Amino acid sequence: KAGTNCFDRVNPAFAEERGYSVEELQGRPISSIFPQESREKLDTILRQIEEQGHFRLEAEHERKDGSRFPVLIDATAVYDDQHKLLYRVASVQDISVLKKARQVTETLLDTAASLIVVLDRFGRIARFNRDAERITGYRFAEVEGRPFWDYFIIPEEAEAVRGVFESIRV
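Residue indices begin from 1 for each chain and proceed along its sequence in written order. Local features in this predicted model are restricted to residues of pLDDT 70 or higher, and side-chain atom pairs are both shown and tallied only at a pLDDT of 80 or more, whereas totals for entire chains, interfaces and linings draw on every residue. The side-chain figures draw on all heavy atoms in the structure; neither hydrogens nor water molecules are used.

A short note on the nonpolar core
Grouped burial of nonpolar side chains is what soluble globular proteins tend to show. In terms of nonpolar packing, the biggest core is built from 23 residues, with F7, V10, L25, F34, I49 and I73 touching the most fellow members. Starting at the N terminus, helices and strands are each numbered in turn, a helix being any DSSP run of H or I of at least four residues and a strand any DSSP run of E of at least two. Taken together, the elements giving at least two residues each to this core come down to α1 (12-17), α2 (22-25), α3 (39-52), β1 (54-62) and β2 (68-79). For this core, the leading source of residues is β2, giving five residues. Contact definition: two residues touch when any of their heavy atoms are within 4.5 Å. Ignoring anything within four residues of it in the chain, the contact list for F34 reads R39, L42, A59, E60, H61, E62 and I73. Formed by six residues, the second largest nonpolar core is a distinct cluster that contains I125, A132, F140 and V143. By convention a nonpolar core is built from buried Ala, Val, Leu, Ile, Met, Phe, Trp, Tyr and Cys residues, the set being connected through side-chain atoms within 4.5 Å. Accessibility here uses a 1.4 Å probe with only protein chains present; expressed as a share of the type maximum, an area under 20% marks a residue as buried, one over 50% as exposed, and anything in between as partly exposed.

Here's the deal with the environment of G123
Assignment of secondary structure puts G123 in the loop between β4 (117-119) and β5 (125-128). A C-alpha to C-alpha distance of 14 Å links G123 and E157, two positions 34 residues apart in sequence. The contacts of G123, once residues within four sequence positions are left out, are R146, P147, F148, W149 and F165.

Quick notes on the side chain of R127
Looking at where R127 falls in the secondary structure, it is placed in strand β5. On the basis of relative accessible area, R127 is assigned to the buried category, the value being 13%. Discounting chain neighbours no more than four positions away, the residues touching R127 are E106, L109, D110, I116, V117, V118 and F140.

Observations regarding unusual backbone geometry
If you check the backbone angles, H83 has positive phi at about 60° while not being a glycine. Within the element layout of this structure, H83 appears in the loop between β2 and β3 (85-94). A residue is classified by how much of its surface remains accessible, and H83, at 54% relative accessible area, is exposed.

Here's the deal with the packing of aromatic side chains
Put simply, two rings from Phe, Tyr or Trp (the six-membered ring, in Trp's case) pair if the centres are within 6.5 Å, and we call them stacked under 30 degrees between planes, edge-to-face over 60, tilted for the rest. Considering all chains together, one arrives at seven aromatic pairs under this definition. Aromatic side chains W149 and F165 sit 5.7 Å apart centroid to centroid with 50° between the ring planes, which places their arrangement in the tilted category. Note that W149 is positioned in helix α7 (residues 149-152) and F165 in helix α8 (residues 155-168), a separation of 16 residues in sequence. Seen from their ring centres, Y151 and F152 are 6.1 Å apart, and the 40° between their planes marks the pair as tilted. The partly exposed category is assigned to Y151, whose relative accessible area is 25%. The exposure class assigned to F152 is partly exposed, which follows from its relative accessible area of 24%. Among the aromatic residues, those joined into a ring-pair cluster are F128, Y138, F148, Y151 and F152.

Some thoughts on the pattern of salt bridges
Here the idea is simple: oppositely charged side chains can pair when their charged atoms come close. Only one rule defines a salt bridge in this text: a Lys or Arg side-chain nitrogen within 4 Å of an Asp or Glu carboxyl oxygen. For the structure on display, the rule yields 13 salt bridges. Two residues, R56 and D74, come together in a salt bridge whose shortest N-O distance is 3.5 Å. Note that R56 is positioned in strand β1 and D74 in strand β2, a separation of 18 residues in sequence. Judged by its relative accessible area of 52%, R56 is exposed. Assessed through its relative accessible area of 24%, D74 is described here as partly exposed. In this structure, the salt-bridge partner of E106 is R127, at a minimum N-O distance of 2.9 Å. Taken as a pair, E106 in helix α4 (residues 96-111) and R127 in strand β5 lie far apart in primary sequence, 21 residues in all.

As structure tokens, this is what we get:
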């Protein structure tokens, strides 16, 4: 609700994921599900949601038992006709599995005894493992976000490779 930093309505799955009942969370300060050390940032975040109308961030939530887990918060402010804040709505997703998958992927990329170059859908270099650095002589920071064909395709074939990426992009 506008003017308060407490839960007004709570999704049952949201409450259960944190070890609470809906009734326990309703009226409770939003800060109560954040770890103590990040509660100070919450006022700033709530203000940014109100000022910008929308805010997205990764954070950490704390369950009733004290255990923590990473979340992706996508929050939107809802205003009346005079642009007065009525309330904030947030979608919160547990990203524990995603974070673990990222860590496993990073470990595999860094320990694979092969040159690995990961491209985005535009053909830009999104990841470059240590063997790729060693074999090519380029550091990831030098090639990150740059088109693959600018570095690793002979000039006569670069335009054709670029065309392939343009044709498969959705």
